[in-house]
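Letter by letter, the chains look like this.
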Amino acid sequence: MTISCSHEHADWPGTVSISAATLYAVVRDVAESLRRAGVPKLVLVNGHGGNYVLGNVVQEAHGDMALFPAPEHWQAAEKASGAETSAVSDMHAGELETSILLHAHPELVRDGYRTADHLADDRRHLLTTGMAAYTTSGVVGRPSLAGADKGRETLRSLVASFGDVLAVLQQQGGRTGQGRDEGEHSVHDGDGQALR
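Values in this document were obtained by computation on a predicted structure and should not be read as measured data.

(A) Summary view of the packing of helix H4 (residues 95–104) against helix H6 (residues 148–171). For the pair H4 and H6, the least separation of the axes is 7 Å and the interaxial angle reads 95 degrees. Compared by their axis directions, H4 and H6 come out roughly perpendicular. Between H4, through Glu95, Leu96, Ser99, Ile100, Leu102 and His103, and H6, the contact on the second element is made entirely by Ala148, Lys150, Gly151, Arg152, Thr154 and Leu155. Here the residues of the contact of H4 with H6 are counted per class, giving five nonpolar, four polar and three charged.

Have a look at this one:
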């Protein structure tokens with residue numbers, strides 16, 4: 001989907017959003033259509049920090065859906081990339097996101113990114129006020145520290161994390177009421193240790 005819940009960016013012309021209820025309904029309808037077609041499980045890849053309702057959709061799917069990337073996947077990617085900006089500071093169009101674009105689509109990065117740094121770590125009222133209360137440019141982070149190598153390592157880490165998510169999803173039992181034998185298909189933490 002190219003349009004989702006980006007209401008916090010509404011102060012910038014051209015931002016188009018749908019309601020959380022609409023996003024919820026569309027995802028549930030797509031998942032049900034896929035299930036009828038023989039695709040029982042689905043990973044929702046969230047390309048936006050918002051879209052909070054997707055977490056509820058996944059919870060209600062009882063093991064038939066996963067949401068990716070989660071905050072822990074971004075933390076692992078940040079570490080793997082060698083990013084210098086903390087996750088709190090690097091919120092939007094900062095070091096990590098700019099690095100990904102410099103690696104994957106450098107033609108989309110404007111020349112001014114090296115002088116666009118803006119920090120706004122205290123964003124406690126973001127959902128109420130929107131992004132415009134914290135930035136005039138849309139940048140919250142330090143894009144000046146971005147690099148294509150960091151972008152490559154970020155994506156490499158995210159791909160590895162995605163593999164783990166797929167493995168866990170595959171091991172899940174299925175619909176509510178269909179328990180799974182606890183002795184089968186244990187979930188591992190990535191270091192060979194069984195989580196259950």
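There's more to say after this.
(B) Focus on the side chain of Asn51. With respect to the helices and strands, Asn51 occurs in the loop between strand E1 (42–45) and helix H2 (53–60). Only 3.1 Å separates the side chain of Asn51 from the side chain of Ser4, close enough to count as a polar contact. A polar side-chain atom of Asn51 sits 2.9 Å from the main-chain amide nitrogen of Cys5. When near neighbours in sequence (up to four residues on either side) are disregarded, Asn51 contacts Ser4, Cys5, Leu23 and Asn46.

(C) Highlighting the packing of helix H1 (residues 20–36) against H2. In contact at an axis separation of 9 Å, H1 and H2 are set at 35 degrees when each is read in the N-to-C sense. Read as a crossing pair, H1 and H2 show a hand that is right-handed. Contact residues: Ala20, Leu23, Tyr24, Val27 and Arg28 in H1; Val53, Leu54, Val57 and Glu60 in H2. Of the residues assigned to the contact of H1 with H2, the class counts are seven nonpolar, no polar and two charged.

(D) A look at H4. For H4, the complete set of buried residues consists of Glu95, Leu96, Thr98, Ser99, Ile100 and Leu102. Taken together, the buried residues of H4 touch helix H3 (71–81) and H6.

Parameters and conventions
- Residues numbered from 1 in each chain as written.
- Predicted model: local features only at pLDDT ≥ 70, side-chain atom pairs only at ≥ 80, totals over all residues.
- Heavy atoms only, no water.
- Axes fitted to C-alpha atoms, helices over the stretch in contact; angles between N-to-C directions.
- Helix = DSSP H or I, 4+ residues; strand = E, 2+ residues; numbered from the N terminus.
- Parallel < 35°, antiparallel > 145°, perpendicular 65-115°, else oblique.
- Contact = heavy atoms within 4.5 Å.
- Nonpolar A, V, L, I, M, F, W, Y, C, P; charged D, E, K, R; others polar.
- Polar contact = N/O pair within 3.5 Å; in protein donor to acceptor, adjacent residues only side chain to side chain.
- Left-handed = near helix turned anticlockwise from the far one by under 90°.
- Buried < 20%, exposed > 50% of the residue type's maximum accessible area, 1.4 Å probe, protein only.

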